[in-house]
Amino acid sequence: MEFKYADGRNKDFILLCEMLDDYLNEIVGGEKQRNQYAQYNTLEKIHDVVLVYDGVLPIACAGLKYYKAGVAEVKRVFLREEYRGKGISILLLSALEKKAKEKGYHSLILETGKPLKAAMGLYQKTGFEMIDNYGPYKNMADSVCMQKTIL
C-alpha cells in the first residue's frame, strides 16, 4: 500500500468519489434519496486529500475541507469494498489526521448517516465522538455528526 497526498482535483480522487456516490446510492435507495446531501459533497473546496494505492490501483480516499479556524471537516471517505476489513481505513484516517495537524487544525468534524453503521464504527474506533448536528446538517434526521480533537 502506498499513501499519497493530493487535492480535490486529482483524477483518482474524483474516480473514488464517484464510486462512493454509487455505493451510497445503493445503501439509501438511489440518488434521489441523497439529493439534500449532494450540495455539501462537492469537491471544489476539498484542498487536502489522502489517496491509498495498491500498486497503480487507487483503492481509498479521504479529504479535508476548511470549516472554521482550527477546524477541518472530513469529507469523502471511501475504501473499495474488496479491501475492507484489513485495517486500511484506520491507516487512511491516521494519514488524514497527520495532514490536518500539519495544516494547523486542532479539531476534525464530520457528518455521516445513520444507515452507515460500519462508517460510524470506524470513526468511533479512531476517536471520534458524536456531537449535535452542525451547520447544514442541523435539521437532517438521518445525519450523525462527530468530532475529534487532535493534538
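Remember, it's a predicted structure, so these values are computed and weren't measured experimentally. (Residues numbered from 1 in each chain as written. Predicted model: local features only at pLDDT ≥ 70, side-chain atom pairs only at ≥ 80, totals over all residues. Heavy atoms only, no water.)

Caption draft 1: Molecular detail of helix H3 (residues 88-102). Over its 15 residues, H3 runs 21 Å from end to end, which matches the ideal 21 Å to within 8%, given 1.5 Å per residue. Among the residues of H3, Ile 88, Ser 89, Leu 92, Leu 93, Ala 95, Leu 96, Glu 97, Lys 99 and Ala 100 are the ones counted as buried. Within two residues after H3, Gly 104 carries a phi angle of roughly 90°, on the positive side. (Helix = DSSP H or I, 4+ residues; strand = E, 2+ residues; numbered from the N terminus. Expected span 1.5 Å × (residues − 1). Buried < 20%, exposed > 50% of the residue type's maximum accessible area, 1.4 Å probe, protein only.)

Caption draft 2: Representation of the nonpolar core in the model. Within the largest apolar cluster, 27 residues are counted, with the highest numbers of intra-cluster contacts made by Val 74, Leu 108 and Tyr 123. Put simply, the parts of the chain that give this core at least two residues each are strand E2 (46-54), strand E3 (57-68), strand E4 (71-79), H3, strand E5 (107-113), helix H4 (117-125) and strand E7 (143-149). For this core, the element with the highest residue contribution is H3, accounting for six residues. Residues in contact with Leu 108, not counting those within four places in the same chain, are Leu 64, Ala 72, Val 74, Glu 97, Ala 100, Phe 128, Met 146, Gln 147, Lys 148 and Ile 150. The next biggest cluster of nonpolar side chains, apart from the first, holds twelve residues, and it includes Phe 13, Leu 24, Ile 46 and Leu 51. (Core = buried A, V, L, I, M, F, W, Y, C linked by side-chain atoms within 4.5 Å. Contact = heavy atoms within 4.5 Å.)

Caption draft 3: Representation of the sheet that holds E4 within the structure. The strand order across the open sheet formed by seven strands is E1-E2-E3-E4-E5-E7-E6, and the pairing between neighbours is mixed. Sheet topology places strand E1 (2-6) and strand E6 (129-131) at the edges, where each strand pairs with a single neighbour. For this sheet, the mean inter-axis angle between neighbouring strands, taken without regard to orientation, is 30°. Bridge analysis of E4 against E5 gives three bridges, and the strand direction is parallel. (Pairing = 2+ DSSP bridges. Axes fitted to C-alpha atoms, helices over the stretch in contact; angles between N-to-C directions.)

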